[in-house]
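If you want the building blocks of each chain, they are given just below.
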Amino acid sequence: MPRQDQAVSSGTPPRRTPAVEAVCVGESMAVLLPDRTGPLESVENFHLSVGGAESNVAGALAALGVPSAWISRVGDDGFGRRLTGEVAARGVDVSAVAVDPHRPTGLYLKEVGGSTGRRHDLGPGRSRLHYHRRGSAASALSPAVLDDPAAARLLAGARLLHLSGITAALSDDCLELLRALLADRRPGRLVSFDLNWRPALWRERDPAVLPPLLDAADVLLLGSDEAEAAFGTGDPDALRRLFPSPATVVVKDAARMVTALHRDGTAVTEPALAVEVVEATGAGDAFAAGYLAATVRGLDQRSRLRLGHLSAACALTAHGDQAELPPEPVVTALLTASPGDWAATRVSADGIVSPVLPVAGGGAPDPRPAASPALGAR
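Just so it is clear, the model here is predicted, and its values are computed rather than measured. (Residues numbered from 1 in each chain as written. Predicted model: local features only at pLDDT ≥ 70, side-chain atom pairs only at ≥ 80, totals over all residues. Heavy atoms only, no water.)

## Quick look at the pattern of salt bridges
Should the charged atoms of two oppositely charged side chains come close, the side chains can pair. Just so we agree on the cut-off: A pairing counts as a salt bridge when a side-chain nitrogen of Lys or Arg comes within 4 Å of a carboxyl oxygen of Asp or Glu. Think of it this way: any DSSP run of H or I at least four residues long counts as a helix, any run of E at least two long counts as a strand, and we number them from the N terminus.
Taken as a whole and assessed by the stated rule, the structure comprises 18 salt bridges. Arginine 134 serves as the salt-bridge partner of glutamate 204, at 3.4 Å between the closest nitrogen and oxygen. With a gap of 70 residues between them, glutamate 204 in the loop between strand 9 (190-194) and helix 6 (210-215) and arginine 134 in the loop between strand 7 (127-132) and helix 3 (149-157) connect regions that are remote in the sequence. Taking the shortest distance from any N to any O, the salt bridge between aspartate 184 and arginine 189 comes out at 3.7 Å. Linked by salt bridges that have partners in common, Glu21, Arg159 and Arg297 make up one network.

Written as structure tokens, this is what we have:
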């Protein structure tokens, strides 16, 4: 089956790229974003974009200096080409993305509430996603991926493998792929699993398949609200008891705090940054990428949580799923800030204000987002 290899023009030596350290596996889709608030029937035009948990994490990891790859399937259509092209443009290796000649690329539409007064308006601050992914190319992902030379090469060299519960809900074949990947344990490779609870995906499937998958990971990422919906509790200690095997269970309590609970019974809690939210889309994926990038780089647990928070804060202050972090000196200053200075830090679309960052004009590093990787590429 053809794949979306990154083309190299003939006669030009291929550019050497860093070896892939992180591999993310799962579906991404084309996204139609409305040009106005209100019910879908009132929308005149949509803007085409792309989105998906695993490719979001791969893109954010690449931006954080961790060479990453995304493994998936897309349709042989314009949406699939747009999706693969945009993910590749973020610096992600897409050489193991297969093109399915028979199934389409998944699609979802976003509906944004407003104050139109129309009968079906969701209302200000509310939104809804409408998925069209049944029978998509990615739903045909299966354990056969492990026999694909391009995917096998990436998986063999990865220090980090990132998965999510979304994949388990797409099809029986997708579920078997996750089981196969989790059973294929290799020395030196860390496996992370983000619950990413999507109730609509589980209406016709049994969520009882999830706990064994989550418990097989090394790092488990859970939102307290989604864990409450899926397992009946969002309490960090209860979730640690429910999933005893992972080395670390990370429980995110929305805008309040995140707690990392280790297998030995110790825990580290770090409060979230104060953020002026522009759009919530992609914040969970950004947190995962920040936390995992710091983990791959061997930073301590508090720094891992802080980089997750900072990555999520930057995503919350930007439109779309991807956001850039500030320059490395700013990131370093925030990761090493005292608890008081961290708590006093504020993040907005205009930049970051913090006691550890001297006022603009005084020789301070620019707190605004920059394109350079925050942790430095290898």
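## Focus: the sheet that holds strand 6 (residues 107-112)
Two pairing modes exist for strands in a sheet, parallel and antiparallel, and in both the strands are linked by backbone hydrogen bonds. For the record, the criterion: Note: two strands are recorded as paired if DSSP finds a minimum of 2 bridges between them. Convention adopted: a line fitted to C-alpha atoms gives each axis, helices being fitted over their contacting stretch, and angles between N-to-C directions are expressed from 0 to 180 degrees.
Strand order in the open sheet formed by four strands is 3-2-6-7, with mixed pairing between adjacent strands. Edge positions in the sheet fall to strand 3 (46-51) and strand 7, since each has one partner strand and no second. The sheet shows a mean angle of 25° between the axes of neighbouring strands, taken without regard to direction. Here six bridges tie strand 2 (residues 29-34) to strand 3, and the two strands are oriented antiparallel to one another. Directly across from proline 34, in strand 3, lies its bridge partner phenylalanine 46.

## Looking at the packing of aromatic side chains
Basically, it comes down to this: Any pair of Phe, Tyr and Trp rings, taking the six-membered ring for Trp, is counted once the centres come within 6.5 Å. Such a pair is stacked with planes under 30 degrees apart, edge-to-face with planes over 60 apart, and tilted for the rest. Burial status follows relative accessibility: with a 1.4 Å probe on protein chains alone, a residue under 20% of its type maximum counts as buried, one over 50% as exposed, and anything between as partly exposed.
Summed over all chains, the structure comprises four aromatic pairs. Consider the rings of tyrosine 108 and tyrosine 131, whose centres lie 5.3 Å apart with planes at 50°: the pair is tilted. Here tyrosine 108, found in strand 6, pairs with tyrosine 131, found in strand 7; they are 23 residues apart in sequence, far enough to count as distant. In this structure tyrosine 108 comes out as buried when scored by relative accessible area, which is 9%. The class of tyrosine 131 is partly exposed, set by a relative accessible area of 29%. Judged by centre distance (6.3 Å) and plane angle (15°), the rings of phenylalanine 287 and tyrosine 291 are stacked. On the criterion of helical spacing, the pair formed by phenylalanine 287 and tyrosine 291 is a turn pair, its members being four residues apart in helix 9 (residues 283-296). We note that phenylalanine 287, like tyrosine 291, is buried.

## A few points about the sheet that holds strand 11 (residues 248-253)
To be explicit about the condition: Note on contacts: a residue pair qualifies if any of its non-hydrogen atoms lie within 4.5 Å across the two residues.
Taken together, the nine strands give an open sheet; going across it, the order is 5-4-1-8-9-10-11-12-13, and neighbouring strands pair in mixed fashion. Looking at strand neighbours, the two that pair on one side only are strand 5 (97-100) and strand 13 (267-271), the edges of this open sheet. Strand after strand, the sheet turns through a mean of 15° between neighbouring axes, direction not considered. Examined bridge by bridge, strand 1 (residues 22-25) and strand 4 (residues 68-75) share four bridges and lie parallel to one another. Along strand 4, the bridge assignment pairs alanine 22 with serine 68. Strands in contact with helix 10 (residues 301-316) are strand 11, strand 12 (257-262) and strand 13; relative to strand 13, the strand with the most contacts, it is inclined by about 35°.

## Considering the confidence of the model for the protein chain
Stated formally: Each residue carries a pLDDT score, the predictor's own confidence in it, on a scale running from 0 to 100.
With 89% of its residues at a pLDDT of at least 70, the protein chain reaches an overall mean of 89. In the model, residues 5-15 has pLDDT below 50 throughout and makes six contacts with residues more than four positions away in sequence or in other chains.

## Some words on the side chain of aspartate 285
Threshold: By the counting scheme adopted, Arg and Lys are positive, Glu and Asp are negative, and His together with the chain ends is not counted.
By the secondary structure assignment, aspartate 285 is in helix 9. Here aspartate 285 is buried and forms no salt bridge, its nearest opposite-charge partner arginine 198 lying at an N-O distance of 5.5 Å. Ignoring any residue separated from it by four or fewer positions in sequence, one finds aspartate 285 in contact with Gly52, Ala53, Asn56, Val57 and Asn196.

## Digging into helix 3
Filter applied, for reference: Arc, as used here, means the arc of the directions from the helix axis to the C-beta atoms.
Considered for burial, the residues of helix 3 that qualify are Ala150, Ala151, Leu154 and Leu155. For helix 3, the angular spread of the buried residues around the axis is 125°, confining them to a single face. Elements that come into contact with the buried residues of helix 3 comprise strand 1, strand 4, strand 8 (160-164) and helix 5 (172-183).

## Digging into the nonpolar core
As a reminder, the rule being used: Joining through side-chain atoms within 4.5 Å is the link that ties buried Ala, Val, Leu, Ile, Met, Phe, Trp, Tyr and Cys residues into a set, and such a set is a nonpolar core.
Leu61, Trp70 and Val250 are the most contacted members of the largest nonpolar core, which has 52 residues in total. Broken down by element, this core gets its largest block of residues, nine residues, from helix 9. Those residues within four positions of tryptophan 70 in sequence are excluded, and the remaining contacts are Cys24, Gly26, Ser28, Glu54, Ser55, Ala58, Leu83, Val87, Val92, Asp93, Val94 and Val97. Formed by 46 residues, the second largest nonpolar core is a distinct cluster that contains Ala138, Ala151, Leu155 and Leu220.

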